[in-house]
Amino acid sequence: MSKLFSPLRLRSVEFPHRVFVSPMCQYSSEDGLPNEWHLVHLGSRAIGGASLVLTEASAVTPEGRITPWDAGIWSERHAKEWKRVTDFIRAHGSVPGMQIAHAGRKASCNKPWLGGKPLPPSDGGWTTLGPSAIPFGDYPVPRAMSVGEIEKTVEDFRRSARFALDAGFDVAEVHAAHGYLIHEFLSPLSNQRTDAYGGSLENRMRFGLAAAIMAGIFYDFQYSQDFGSSAVYDEYQGGDLHRQGYLGQPLGAGRQISSGVWRRDFQNGVVFAKE
Ligand SMILES: Cc1cc2nc3c(=O)[nH]c(=O)nc-3n(C[C@H](O)[C@H](O)[C@H](O)COP(=O)(O)O)c2cc1C
């Protein structure tokens, strides 16, 4: 049997094979809630035989959504509504997983098929947050987060990971890629803070590590997907591929919550599977 189709066990989570469905934003929620669309979109991947079915990036707060139509996981109601989806996925032999996310300065946009441009508050958008008041391209300037807001966002990741567990997800993935909030902290291009969250690589990693560790306390196995590789490129352009995964390594090395660090492809994030 090829390795692709051989079973995989990560702590207590058993995968019948290694074909995983990547997270894919659907821009089809109201108030961050899953609906028939999500049931069919994710459920059909389970019926199709995928081993792990990951949800789209699901925001830890309303202002962490890329668009007002993103999925979310910030309340008991979200956990309850997602349960219908996880029950269906599990009933068809797949493992349900959720990607939890905060879009930072790239939040508050329109749906891609409506142009994907930033939405002003007058059109249902909001003021975005970032590590520094530095915009992404021609997007609006985000508000630089206070230390209190950073600490609250770490708590938001923890709380959402808990809701995800309540919703029946066996795997949680912290989105740390694609120029969203954790990546923004990692990159010296978007993070020019002068406090404990900016400057040195160690300081820029602080927020993402804290969010990942706090989200991971409900799960036992930790799986790092080259956490922060693009941020490393920002710093060491054309640089050393081996530097990828630098956020995952301290997570694995400093283990109280996990037993190992695994690599996926060039995505960034940290995945936890529950014990
Ligand atoms: C429609 C669409 C939506 C996506 N949404 C997300 C997302 O929510 N979170 C994420 O980490 N990646 C997202 N991605 C990236 C995919 O998860 C995947 O990593 C990417 O397509 C590369 O994998 P591939 O080479 O197998 O296509 C999205 C991709 C597509 C095509």
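By convention here, each chain's residues receive numbers from 1 onward along its written sequence. For a predicted model such as this one, the threshold for reporting local features is a pLDDT of at least 70, and the threshold for listing and counting side-chain atom pairs is 80 or more; totals across whole chains, interfaces and linings nevertheless cover every residue.

Notes on the overall build of the protein
We apply this condition: Numbering of helices and strands runs from the N terminus, with a helix taken as a DSSP run of H or I at least four residues long and a strand as a DSSP run of E at least two residues long. Exposure classes come from backbone-placed C-beta atoms, where a residue is buried if 20 or more other C-beta atoms lie within 10 Å of its own, exposed if 12 or fewer do, and partly exposed in between. It is the C-beta atoms, placed from the backbone, that decide contacts: two residues are in contact if theirs lie within 7 Å.
Counting its secondary structure elements, the protein contains seven helices and ten strands. The buried share of the protein, reckoned over its 275 residues, is 49%. Intrachain contacts of the protein at a sequence separation of at least 6 include 72% that bridge at least 24 residues.

A look at helix H3 (residues 147-166)
Structural remark: α-helix, 3.6 residues per turn; residues separated by three or four positions point the same way. What counts, and what does not: Here, expected helix span is obtained from the residue count minus one, scaled by 1.5 Å.
In this model, H3 (20 residues) spans 29 Å end to end at C-alpha, consistent with the 28 Å of a helix rising 1.5 Å per residue. Among the residues of H3, those classed as buried are Ile150, Thr153, Val154, Asp156, Phe157, Arg158, Ser160, Ala161, Phe163 and Ala164. Where H3 terminates, the next one or two residues include Gly168, which has phi positive at roughly 100°.

Remarks on the confidence of the model for the protein
Condition: Every residue gets a pLDDT, meaning the predictor's confidence in that residue, from 0 to 100.
This prediction gives the protein a mean pLDDT of 83; 79% of its residues lie at or above 70. Scored below 50 in pLDDT, residues 223-271 makes 104 contacts in the model with residues more than four places away or belonging to other chains.

Some words on helix H1 (residues 36-47)
To keep it simple, the criterion reads: Note that the arc is computed from the directions linking the helix axis to the C-beta atoms.
For H1, spanning twelve residues, the distance from its first C-alpha to its last is 15 Å, which sits close to the expected 16 Å at 1.5 Å a residue. All of the buried residues along H1 are His38, Leu42, Gly43, Arg45 and Ala46. Seen end-on, H1 carries its buried residues on one side only, within an arc spanning 150°. In this structure, the buried residues of H1 make contact with strand S3 (20-21), strand S4 (52-59) and helix H2 (76-91). Gly49, located one to two residues past H1, shows a positive phi value of around 105°.

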